[in-house]
Amino acid sequence: STGFLVGPMRQLKKMFEKTRIVAALMFLLFMVLTLLSAIWLKSALLTIAFCLCQYCALVWYGLSYIPYGRTAAKKAMNTVADAI
């Protein structure tokens, strides 16, 4: 959706900046794996698992646009993990 707003070339440049490249590649990888597991393997369980991974990668990518977003998310996840 942001590619529509800023244009495809600018979006690609932003996706592969140093701070976002891992999250962008993980998102693309899980997108492909989701499609392969749904279309080729026809595995509902794998498809759901890859969808969840894809969503997590997308959230992590989105947090890179918010100043200290990833830091705050890590801190929140650590707090929840410590409470469990």
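Scoring rules and cut-offs
Residues numbered from 1 in each chain as written. Predicted model: local features only at pLDDT ≥ 70, side-chain atom pairs only at ≥ 80, totals over all residues. Heavy atoms only, no water. Salt bridge = Lys/Arg side-chain N within 4 Å of Asp/Glu carboxyl O. Buried < 20%, exposed > 50% of the residue type's maximum accessible area, 1.4 Å probe, protein only. Phe/Tyr/Trp six-rings, centres within 6.5 Å; stacked < 30°, edge-to-face > 60°. Helix = DSSP H or I, 4+ residues; strand = E, 2+ residues; numbered from the N terminus. Lys NZ or Arg CZ within 6 Å of the ring centre and 35° of its normal. Polar contact = N/O pair within 3.5 Å; in protein donor to acceptor, adjacent residues only side chain to side chain. Contact = heavy atoms within 4.5 Å.

Participant: What is the right way to read the pattern of salt bridges from this model?
Facilitator: One side chain can pair with another of opposite charge once the charged atoms of both are near each other. Within the structure shown, the criterion is met by 1 salt bridge. Residues Arg 20 and Glu 17 are paired through a salt bridge, measuring 2.5 Å at the closest nitrogen-oxygen approach. Overall, Arg 20 belongs to the buried group, its relative accessible area being 7%.

Participant: It is not clear to me how the packing of aromatic side chains should be interpreted in this structure. Could you clarify?
Facilitator: The way to describe two aromatic rings as a pair is by their centre distance and the angle between their planes. Tallied over the entire structure, the rule returns 2 aromatic pairs. On the numbers, 6.3 Å between centres and 35° between planes, the contact of Phe 30 with Phe 50 is tilted. Taken together, the residues Phe 30 in helix H3 (residues 21-39) and Phe 50 in helix H4 (residues 44-63) connect sequence positions 20 residues apart. Judged on exposure class, the residue Phe 30 and its partner Phe 50 are both buried. Here Tyr 61 and Tyr 65 contribute two aromatic rings whose centre-to-centre distance is 5.5 Å and whose plane-to-plane angle is 80°, an arrangement assigned as edge-to-face. Classification of Tyr 61 by relative accessible area gives buried; the value is 9%. Here the basic side chain of Arg 20 rests over the ring of Tyr 65, its NZ or CZ set 3.7 Å away from the ring centre.

Participant: Sorry if this is basic, but what is going on with the side chain of Thr 47 here?
Facilitator: Here Thr 47 lies in helix H4. Of note is the side chain of Thr 47, whose polar atom sits 3.3 Å from the backbone nitrogen of Ala 38. Apart from the residues within four sequence positions on either side, Thr 47 is in contact with Thr 34, Ser 37 and Ala 38.

Participant: Honestly, the side chain of Thr 34 in this entry has me stumped. Any pointers?
Facilitator: Within the secondary structure, Thr 34 sits in helix H3. A polar atom in the side chain of Thr 34 sits 3.5 Å from the backbone oxygen of Phe 50. Setting aside residues up to four positions removed in sequence, Thr 34 forms contacts with Thr 47, Phe 50, Cys 51 and Gln 54.

Participant: What's the story with the environment of Ser 64 in this structure? I'm lost.
Facilitator: Within the secondary structure layout, Ser 64 lies in the loop between H4 and helix H5 (69-83). Owing to a relative accessible area of 16%, Ser 64 belongs among the buried residues under this scheme. Considering only alpha carbons, one finds Ser 64 and Thr 47, 17 residues apart in sequence, at a separation of 26 Å. Side-chain polar atoms of Ser 64 contact the side chain of Arg 20, separated by 2.9 Å.

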